[in-house]
Amino acid sequence: MTASLAGLLPDVAGHFGRYGGRFVPEALVAALNQLDAAYRHAMADEAFQAEFGALLRDYAGVPSLLYRASRLSESVGANILLKREDLNHTGAHKVRNVLGQALLTKRMGKRRVIAETGAGQHGVASATAAALMDLECVVYMGEVDTERQALNVARMKMLGATVVPVTSGSRTLKDALNEALRDWVSTVEHTHYVIGTAAGPHPFPAMVRDFARGIGVEARRQCLDLTGTLPDAVGACVGGGSNAIGIFHAFVGDEGVRLYGFEAGGEGIGSGRHAARFSGGTPGVLHGTRTYVLQDDDGQTLESHSISAGLDYPGVGPEHAWLHDNGRASYLPITDDEAMAAFQLLCRTEGIIPALESAHAIAGILKIVPTLREELGREPTIIINLSGRGDKDVETAGAYFGILK
Amino acid sequence: MSIAVAFEKARAEAGPAGRERPGRALVVGCMPAGFPTVEGSIASMKAMASAGVDVIEVELPYSDPVMDGPVIQKASDIALAGGVRTRDTLRIIEAVAATGVPVVLMTYWNPIEKYGVDGFARDLAAAGATGMITPDLIPDEAEEWLAASDRYGIDRTFLVSPSSTDDRIAMTVEHCRGFVYATSIMGVTGAREQTSSAAPELVARVRAVSDIPVGVGLGVRDGAQAGEVGRFADAVIVGSALIRCVLEAPDESAGLDALRTLSADLAAGVRAESDALAPLGSLARPEAAL
């Protein structure tokens, strides 16, 4: 597999090898075609790129820093560079995607956006972009999640969004996604669906990747500037997979750079309570795309579990499925306990409170450092995508460590 | 009985006044397999058929039915919570088809892919189903299904929508066999106060490129609306309104009674004797959905 091949995918119908594509009601095909055309046109349009670039720079604080984490490096025996997406406006990489999609919404002449959200991060980001660009915003959120994440519900409302609690199915993220799709089938003429990750029907996986791939482009250049060489490895957590594909994509053609995705092992693969699609799932179709899915023998979707809401999803972006099968990237499960130990380590060594999602990436890198050192015969240089900050997780972490009741 | 034979027989009967086509429309009635139990769903489907529903559409319950509104979602959830499996759906189809009524399956794609596409087509044909409706499988992604359904002689029903371009309508009906499913409004399943003005136009667009029978679904709740849709469609597809008969009944026999009453009303609606035609004014306002 070569760099050029990576650059060419997906194919015109949205396939990454056998993955991706469009498994949607015919009613959505026209909107997806319209979106695909607008996205392709925008990607090739210098004016759009300039507008997007300026917005990222002036509003979101991009490019984010690449920070050499000396104390963490010392404690793990590797040269660790953190891509500080946690410092972006709204506190995560997600702002890149929502700003890109909001700009596209305006280009398509639509005036309303809908979004699904689990913990509320993508909902807050969508509400932010909608406020900035004067779009009506409706966020679907599982009823269970609206109760667990009352602060984010309040944030979305302050930003002017309507939050709709979803009471169907398991009343969590996957059901919020179903409900958003149902809304979109009815309102597609004037509404754009801002999917929060690099999943869903074509063109979403490619489009969300392209809006997020600046993470890797910047990190690659910053690493060369800082160290004079490319990293030995790049690591990221993988829920739907937008932050991971965002940082991986610029490195896919660099054969010497190992790519690691860390998914939620929850209480352990054996427990059945996890969100490890690659370790515990099988290929299938979910939410409009063919990918790895947590499912039972009849193809019914299984509920996922993770201490981190952002990783708690039974599907994964199709490009990750493709990178998994062809071996270009490795995907490993990280348990809740491993992630929380890494969370604490980063707090104490670097004074950075990471999102629980990002803590999975830290934990994963801790696990692979010994193998990498052995293979290379030296201290490896590793970029970790610190995809988000941990303010939103203080309650969960506080309870885990017994700091809060 | 194959669905083609059912259409042929209906063409020899008389439809409601003002019908644009020879004969009358078929009534297709939908019920999720295993709702509320495997035996209960078989009884419901048999009751519908005996009271005048021409074709039984069995829906395979799925955990993430994005094309369905609250009524079918709820019924599917009940069926899944009761432990219904894909093989139970096949058993239900077999029991209902054995009575002689044509049976088609409506299913989201993942359970079929998980079962094995070729093996499922084989077992579906063996159970006696004549066709399969695929709400989230478009012909663009259906290569394996096209081959398997050809191999075992299963009719293929894909969906067309008011938002479909003419090219896509032509491409889609070319891949259909038996009938094509026209989703009459932009929206999910569920009975509505009014059926849609977009439906006749969509049906006309299909007729412009094909003589395949057109079934119209999404929103029909009674005989009057069935009669209305039956003026221009070849089949009237009713789901949520029938399912609600069972959902809202105090017990099984009351549910079956309600099903028979509605089925008979729908059957009368698509026939000449019908005096239940809705005023034409109620055809307006497609956005009055949900």
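Just so it is clear, the structure is predicted and the values come from calculations on it, not from any experiment. (Residues numbered from 1 in each chain as written. Chains lettered and ligands numbered in written order. Predicted model: local features only at pLDDT ≥ 70, side-chain atom pairs only at ≥ 80, totals over all residues. Heavy atoms only, no water.)

1. With respect to the overall build of chain B
Cut-off, in case you're wondering: Put simply, DSSP H or I for four residues or longer makes a helix, DSSP E for two residues or longer makes a strand, and each gets a number counted from the N terminus. Note that the radius of gyration is over C-alpha atoms, with the globule rule given as 2.2 Å times the number of residues to the power 0.38. A simple rule labels every residue: compare its accessible area, found with a 1.4 Å probe on the protein chains alone, to the largest value its type can have, and call it buried under 20%, exposed over 50%, or partly exposed in between. Note on contacts: a residue pair is in contact if any heavy atoms of the two residues lie within 4.5 Å. Using a 1.4 Å probe, the Shrake-Rupley method yields the accessible areas, and only the shown protein chains count as cover for residues. When charges are tallied, Lys and Arg are placed among the positive residues and Asp and Glu among the negative ones, while His and the ends of the chain are skipped. In plain terms, the charge of a residue is placed at NZ if it is Lys, CZ if Arg, CG if Asp and CD if Glu.
Assigned secondary structure in chain B consists of twelve helices and nine strands. Computed over its C-alpha atoms, the radius of gyration of chain B comes to 17 Å, within 12% of the 19 Å expected for a compact globule of 290 residues. For the C-alpha atoms alone, the extent of chain B along its principal axes is close to 45 × 45 × 35 Å. The buried share of chain B, reckoned over its 290 residues, is 61%. Residue pairs at least 24 apart in sequence account for 72% of intrachain contacts in chain B once pairs closer than 6 positions are excluded. For chain B, the accessible area works out to roughly 10,200 Å², and carbon and sulfur atoms hold 52% of it. Here chain B carries 25 positive and 39 negative side-chain charges, and the mean point of each set is 2 Å from the other.

2. Re the nonpolar core
We count it as follows: Side-chain atoms within 4.5 Å are what join buried Ala, Val, Leu, Ile, Met, Phe, Trp, Tyr and Cys residues into a set we call a nonpolar core.
Formed by 82 residues in total, the largest nonpolar core has its most connected members in Leu28, Leu99, Leu104, Met156, Trp184 and Tyr193 of chain A. If we ignore the near neighbours within four places in the chain, the residues touching Leu28 of chain A are Leu181, Trp184, Val185 and Val188 of chain A. If you look at the next biggest cluster of nonpolar residues, it comprises 75 residues, including Val27, Ala142, Val203 and Leu262 of chain B.

3. Here we look at unusual backbone geometry
In terms of backbone geometry, most residues other than glycine have negative phi values and most peptide bonds are trans. Backbone torsion omega between His202 of chain A and Pro203 of chain A reads 15 degrees, so that peptide bond is classified as cis. Locating Pro203 of chain A in the fold gives a position in the loop between β8 (191-193) and α10 (204-212). A cis amide bond links Phe35 of chain B to the next residue, Pro36 of chain B, at an omega of -5 degrees. Along the chain, Pro36 of chain B turns up in the loop between β1 (26-32) and α2 (38-50). Phi at Thr90 of chain A takes a positive value of approximately 75 degrees, unusual for a residue other than glycine. Assignment of secondary structure puts Thr90 of chain A in the loop between β4 (79-84) and α5 (94-107). With phi around 50 degrees, His287 of chain A is a residue other than glycine that occupies positive phi space.

4. Looking at the interface of chain B and chain A
Interface size is often expressed as the accessible area that is lost when the parts come together. Note the following rule: Note on terms: buried area is the combined drop in 1.4 Å-probe accessible area of two parts once they are placed together, counting the loss on both. Salt-bridge detection follows one rule: a side-chain nitrogen of Lys or Arg within 4 Å of a carboxyl oxygen of Asp or Glu. Think of a polar contact as two N or O atoms within 3.5 Å of one another; within protein, one of them needs to be a possible hydrogen donor and the other a possible acceptor, and neighboring residues in sequence only count if both atoms come from side chains.
Across the contact, 36 residues belong to chain B and 34 residues belong to chain A. Interface of chain B and chain A: buried area, both sides summed, is about 2,900 Å²; carbon and sulfur atoms make up 47% of it. Contact with chain A buries surface across chain B, with Val66, Lys114 and Glu141 of chain B losing the most and accounting together for 21% of the total. Taken together, the connections running from chain B to chain A amount to four salt bridges. Linking chain B with chain A are 22 residue pairs in polar contact (both at pLDDT 80 or more), by the criterion used here. Secondary-structure elements contributing two or more residues to the side of chain B that touches chain A are α3 (70-81), α5 (109-115), β6 (159-160) and α8 (166-175) of chain B.

5. Let's talk about the layout of surface pockets
Residues and elements named next belong to chain A. Let me state the cut-off plainly: Only protein atoms enter the 1 Å grid used here. Points where a 1.4 Å probe fits but cannot escape make up a cavity, open sets with protein on both sides within 12 Å along at least five of seven lines make up a pocket, and a residue lines them when an atom lies within 4 Å of a point. Grid points are joined across faces, edges and corners, and a volume is the space filled by probe spheres set on the points.
Each pocket or cavity is described by its volume, and for the largest pocket that value is around 760 Å³. As for the largest pocket, its lining consists of 35 residues, of which Asp145, Arg148, Gln149, Ile307 and Ala309 are closest to the centre. Mapped by element, the contributors of at least two residues to the lining of the largest pocket are α7 (143-148), α8 (150-158), α9 (173-187) and α17 (394-400). Considering each element in turn, the lining of the largest pocket owes the most residues, four residues, to α8.

6. Structural notes on the packing of aromatic side chains
Residue and element names in this part refer to chain A. Quick reminder of the rule: By convention, a stacked pair of Phe, Tyr or Trp rings (six-membered ring in the case of Trp) has centres within 6.5 Å and planes under 30 degrees apart, an edge-to-face pair has planes over 60 apart, and any other such pair is tilted.
Counted under the stated rule, the structure contains 16 aromatic pairs over all chains. Note on Tyr19 and Tyr292: the rings are 5.8 Å apart at their centroids and 35 degrees apart in plane angle, and the pair reads as tilted. Placement of Tyr19 in strand β2 (residues 19-20) and of Tyr292 in strand β12 (residues 289-293) is noted, with a sequence separation of 273 residues between them. Tyr292 sits in the buried class, given a relative accessible area of 9%. Site record: aromatic cluster; members linked through ring pairs are Tyr19, Phe278, Tyr292 and Tyr331.

7. Thoughts on the pairing of strand β3 (residues 103-106) of chain B
Residues and elements named next belong to chain B. Applicable threshold: Each pair of strands is called paired provided DSSP finds at least two bridges between the two strands.
Every second residue of β3 is oriented toward a common face, with Val103 and Leu105 on one face and Val104 and Met106 on the other, all of them buried. In terms of strand pairing, strand β2 (residues 55-59) meets β3 through four bridges, oriented parallel. Each residue of the ladder has a partner; that of Glu59, found in β3, is Met106.

8. Focus: the sheet that holds strand β14 (residues 381-386) of chain A
Residues and elements named next belong to chain A. Here is the rule: Every axis in this analysis is a line fitted to C-alpha atoms, fitted for helices over the stretch in contact. Angles between the N-to-C directions lie between 0 and 180 degrees.
Across the sheet, which stays open at both edges, the six strands sit in the order β3-β4-β14-β9-β10-β13 with mixed pairing between neighbours. The open sheet has two free edges, formed respectively by β3 (66-68) and β13 (329-335), since each of these has just one partner strand. In this sheet, adjacent strand axes meet at a mean angle of 25 degrees when their direction is disregarded. The pairing of strand β9 (residues 233-237) with β14 spans three bridges and is parallel. Looking at β14, one finds that Gly235 is bridged to Ile384.

9. Thoughts on the pattern of salt bridges
Applying the stated criterion across every chain yields a total of 45 salt bridges over all chains. With a closest N to O distance of 2.9 Å, Asp150 of chain B and Arg156 of chain B form a salt bridge. Since its relative accessible area comes to 45%, Asp150 of chain B is described here as partly exposed. A relative accessible area of 7% places Arg156 of chain B in the buried class. Close ionic contact of Asp234 of chain B with Arg207 of chain B constitutes a salt bridge, the shortest N to O distance being 2.8 Å. One end of the pair, Asp234 of chain B, is in the loop between α10 (223-229) and β9 (235-238); the other, Arg207 of chain B, is in helix α9 (residues 198-207), and 27 residues separate them in sequence. You can call Asp234 of chain B buried: its relative accessible area is 6%. Connected through salt bridges with shared partners, the residues Lys83, Glu85, Arg96 and Glu218 of chain A form a single ionic network.

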